[in-house]
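# A look at the structure
What follows is each chain in one-letter form.
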Amino acid sequence: MRTEPKLTRLDRVFARLDREPERPAHIDVPRMSRHRIVLLAATLAFYGAIVWAVVITSWLVRLDWQVMFFRPYQQWSEIHWFVDYYVVLGQRGPTAVMVAAWLGWRSWRQHTLRPLLALGVSLLLLNVTVGAAKYGMGRLGPHYATVIGSNEMWRGGDIFPSGHTANAVVTWGILAYMASTPRARRWLSAVSAVTSLGVGMATVYLGTHWLSDVLLGWAAGLLILLALPWFEPLIARAEARIFALRDHLRDRRGHAATAPVSAPPVVVTPLPVDLDDVPARSGRAPVYLAPGPHTARSERTPTTPAGSRRPPHPERHPRGSASSARPVTGG
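## Regarding the packing of helix H3 (residues 59-70) against helix H10 (residues 211-227)
- In contact at an axis separation of 8 Å, H3 and H10 are set at 120° when each is read in the N-to-C sense. The angle between H3 and H10 places the two elements in the oblique class. Between H3, through Leu 60, Leu 63 and Asp 64, and H10, the contact on the second element is made entirely by Leu 211, Ser 212 and Leu 215.

In structure tokens, the structure reads:
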């Protein structure tokens, strides 16, 4: 009776992926077009202008202090509870989990790892660029400001640019970047722009960021999305290597499952032999054999074994022969 092999959970996952269609042909990979390059250059110039305006303590810094003294969380305290929940849309942990779940479903349905790999590359770029800028400029936040009217730069802070705002731009903007149709891309771009705008304003409302921090966070997140097509060849190579490794592991498991099981060879180990107990091979007959030709038992002369306590019997005669007459002595 033929029995089907028992499939593991990983085998069922691979079997489901094999039944799914390949990536649709109409999903195009964004390229670094001339329009995108111009927009990238303009965003980079805006990024530099914001940094310069803060460094020289220009009108932008004075606006930061005016908004801080206005204290929006006191002016509109009735929406404080809503803003506390809404700002979570800019935290890296919850947003990354939600977006990764959606892109993981896309990867499952389209039999491609590109959505998840693009998200991983964008988050890596976000951590490196925004983190380096934060600790490099070291600006203090509104709640920790020391001198009124100063830019609070290089004082050990980590507030400039706004990480919540940049994270909102990247994590929600990657959905528009991975859209499969131009119409979906436009709608998702608008939704991600409104979401990131609301997250930035929520941080200003709560007093955790300056207004200039939010402006620089928007620019930092947009730079990552605009530069992401440059990393598409790297994403494609990583996807090809992962699928090649998967196929290699599946082939190895398949060969191991179909290989016949043979019994291991039996190794016969000879028992150790004491050479002293083995009689030496010589021309003489062994001591336990009668010397000479075979003779009848009645014709053999009895011999006394060596080492026996029994005295020899020279008078002993073979059986059947006449015994000598004993001398008769008179008394």
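Alright, that's what it looks like, and here's the rest.
## Quick notes on the packing of helix H8 (residues 163-177) against helix H9 (residues 182-206)
- Taken N-terminus to C-terminus, the directions of H8 and H9 make an angle of 170°; their axes are 8 Å apart at the nearest point. Overall, the two elements H8 and H9 adopt an arrangement that is roughly antiparallel. Only Arg 185, Leu 188, Ser 189, Ser 192, Thr 195, Ser 196, Val 199, Gly 200 and Thr 203 of H9 make contact with H8, whose side of the interface consists of His 164, Thr 165, Ala 168, Val 169, Trp 172, Gly 173, Leu 175, Ala 176 and Tyr 177.
- Residue composition of the contact of H8 with H9, grouped by class: 8 nonpolar, 9 polar and 1 charged.

## Here's the deal with unusual backbone geometry
- Cis geometry is found at the peptide bond from Phe 160 to Pro 161, where omega equals 5°.
- For Pro 161, the position within the fold is in the loop between helix H7 (114-137) and H8.
- Positive phi outside glycine occurs at His 111, with the angle close to 55°.
- Inspection of the secondary structure puts His 111 in the loop between helix H6 (92-110) and H7.
- Despite not being glycine, Glu 152 has its phi angle at roughly 60°, a positive value.
- Inspection of the secondary structure puts Glu 152 in the loop between H7 and H8.

## As for the pattern of salt bridges
- Applying the stated criterion across every chain yields a total of 5 salt bridges.
- Across the pair Glu 232 and Arg 114 runs a salt bridge, and its minimum N-O distance is 3.2 Å. Residue Glu 232 is found in helix H11 (residues 232-258), and its partner Arg 114 is found in helix H7; the two are separated by 118 residues along the sequence. Accessibility classification places Glu 232 together with Arg 114 in one group, the buried group.
- Among the ionic pairs, Asp 213 bridges to Arg 139, the shortest N-O distance being 3.1 Å. Taken together, the residues Asp 213 in helix H10 and Arg 139 in the loop between H7 and H8 connect sequence positions 74 residues apart.

## Some thoughts on the nonpolar core
- Grouped together as the largest cluster of nonpolar side chains are 44 residues, with contacts concentrated most on Tyr 47, Phe 160 and Ile 174.
- Only helix H2 (34-55), H3, H6, H7, H8 and H10 provide two or more residues apiece to this core.
- Here this core takes 9 residues from H7, the largest share from any one element.
- Here Ile 174 is in contact with Val 99, Leu 103, Ala 118, Leu 119, Ser 122, Leu 225 and Leu 228, once residues within four sequence places are set aside.

## Describing the packing of aromatic side chains
- The final tally for this structure, using the stated rule, is 6 aromatic pairs.
- Each residue in the set Trp 65, Phe 69 and Trp 210 is aromatic and connected to the rest through ring pairs, giving one cluster.
- For Arg 139, the ring lying beneath its charged end belongs to Phe 160, and the centroid distance is 5.2 Å.

## Brief notes about the environment of Met 137
- Turning to its location among the elements, Met 137 is positioned in helix H7.
- Taking the relative accessible area as the measure of exposure, Met 137 reaches 12% and is therefore buried.
- Contact partners of Met 137, with chain neighbours within four places excluded, come to Val 51, Met 153, Trp 154, Phe 160, Pro 161 and Leu 216.

Reading the values: rules and limits
Residues numbered from 1 in each chain as written. Predicted model: local features only at pLDDT ≥ 70, side-chain atom pairs only at ≥ 80, totals over all residues. Heavy atoms only, no water. Axes fitted to C-alpha atoms, helices over the stretch in contact; angles between N-to-C directions. Helix = DSSP H or I, 4+ residues; strand = E, 2+ residues; numbered from the N terminus. Parallel < 35°, antiparallel > 145°, perpendicular 65-115°, else oblique. Contact = heavy atoms within 4.5 Å. Nonpolar A, V, L, I, M, F, W, Y, C, P; charged D, E, K, R; others polar. Salt bridge = Lys/Arg side-chain N within 4 Å of Asp/Glu carboxyl O. Buried < 20%, exposed > 50% of the residue type's maximum accessible area, 1.4 Å probe, protein only. Core = buried A, V, L, I, M, F, W, Y, C linked by side-chain atoms within 4.5 Å. Phe/Tyr/Trp six-rings, centres within 6.5 Å; stacked < 30°, edge-to-face > 60°. Lys NZ or Arg CZ within 6 Å of the ring centre and 35° of its normal.

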